[in-house]
Amino acid sequence: MGAEFGSRSGGQGRISQWLRRRPKDTSGDDRAREELLLAAAAAGLPLAPAAHPSGYRCSCDRIGCPTPARHPVSFAWQTQSTTDRGQIERWARHQPQANFITATGMVHDVLDVPLDAGRAALERLLAAGIEVGPVAESGDSNGQGRLLFYTATRGTPEDEDEWWPCELDCHPETMDEHPGLRWHCRGSYVLVPPARLPGDLDMRWVRGPEHPLPDPLTLLETLTDECARVAGEPQDDIAAWGAP
């Protein structure tokens, strides 16, 4: 009898140890992630799978990846990008760790600015009653972060000098007029929330994709004003202004 009781106790102990070692149930997080991705696709943002963090590095095989967890996994991301619900569900379920990018210049562009400038601009725009579309906040390795304003695309404008694909890190002649601003349009992409970044950083919606996409020119002046203001301030003042 004593041996049988001891055997049961040992079995219960092993079960308890196994339960403690079980990975955290992330099914709720996975469902929330999938719903957010589908909401972005329903708003017309074409999506494609992207890399994800692997510790403090990128999940891709590239040594010293310059944009860890921020780039698509396929070179065919432009043609692969889709709003098809079924395809996005399959990607999300078969690649539960993957981030997603949205290809710009098809349906939407993105005006991407430093976090401090973006917060001030967003406050000004809303106070003025100007329609602001979806806005996302992204962590950055330098601790400053970025605010991304999703807008309707300008398509293929006649003045090619004014528009550029920032994914290539090019510097147009108009860069001095728009300090700190990156305009993602044809040939570019950005991460779409929710996204995880190395260093326990993330990307999240400040204003969700249910908001209609505005014309980028209605936001541009305020964004560039705030970018110029922040660029001209001493760093100590910027840090103080941006502190919670």
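Please refer to the structure higher up on the page.
Quick caveat, the model's predicted, so the values are computed rather than measured.

### Looking at the sheet that holds strand S7 (residues 146-152)
Strand order across the open sheet formed by six strands is S8-S5-S7-S6-S11-S10, with antiparallel pairing between neighbours. Of all the strands in the sheet, just strand S8 (182-184) and strand S10 (195-197) have a single pairing partner and so form its edges. In this sheet, neighbouring strand axes are inclined to one another by 25 degrees on average, regardless of whether the strands run parallel or antiparallel. Two strands pair when backbone bridges link them, and strand S6 (residues 135-138) and S7 are joined in this way by four bridges, in the antiparallel orientation. The residue of S7 that forms the bridge with Val135 is Phe149. Together, strand S5 (108-114), S6, S7 and strand S11 (201-207) form the strand contacts of helix H5 (residues 115-127), whose direction differs from that of S7 by roughly 45 degrees. Sitting on the sheet, helix H6 (residues 217-232) touches S5, S7 and S8, and the angle it makes with S5 is about 15 degrees.

### Let's talk about H5
The first and last C-alpha atoms of H5 sit 18 Å apart over 13 residues, in line with the 18 Å expected at 1.5 Å per residue. Along H5, the positions that sit buried rather than exposed are Leu115, Asp116, Ala117, Gly118, Ala120, Ala121, Leu122 and Leu125. Where H5 ends, the next residue or the one after it, Gly129, has phi of about 75 degrees, a positive value.

Cut-off values and rules
- Counting from 1, residues in each chain are numbered in the order their sequence is written.
- With pLDDT at 70 or above as the cut-off, local features in this predicted model cover only qualifying residues; side-chain atom pairs require 80 or more to be listed or tallied, and sums for whole chains, interfaces and linings still use all residues.
- Side-chain measures were taken over the full set of non-hydrogen atoms in the model, leaving aside hydrogen atoms and water.
- When DSSP finds two or more bridges between a pair of strands, those strands are recorded as paired.
- Here a helix means four or more residues in a row that DSSP labels H or I, a strand means two or more in a row labelled E, and each is numbered from the N terminus.
- For helices, the fitted axis covers only the stretch in contact; all axes are lines through C-alpha atoms, and the angles between them, taken along N-to-C directions, range from 0 to 180 degrees.
- We call two residues contacting when some pair of their heavy atoms lies within 4.5 Å.
- Expected span, for any helix, means 1.5 Å times one less than how many residues it has.
- The classification of residues rests on relative accessible area computed with a 1.4 Å probe and restricted to protein chains. Under 20% of the type maximum is buried, over 50% is exposed, and intermediate values are partly exposed.

Interpretation note: all reported values are geometric properties and have no functional meaning in isolation.
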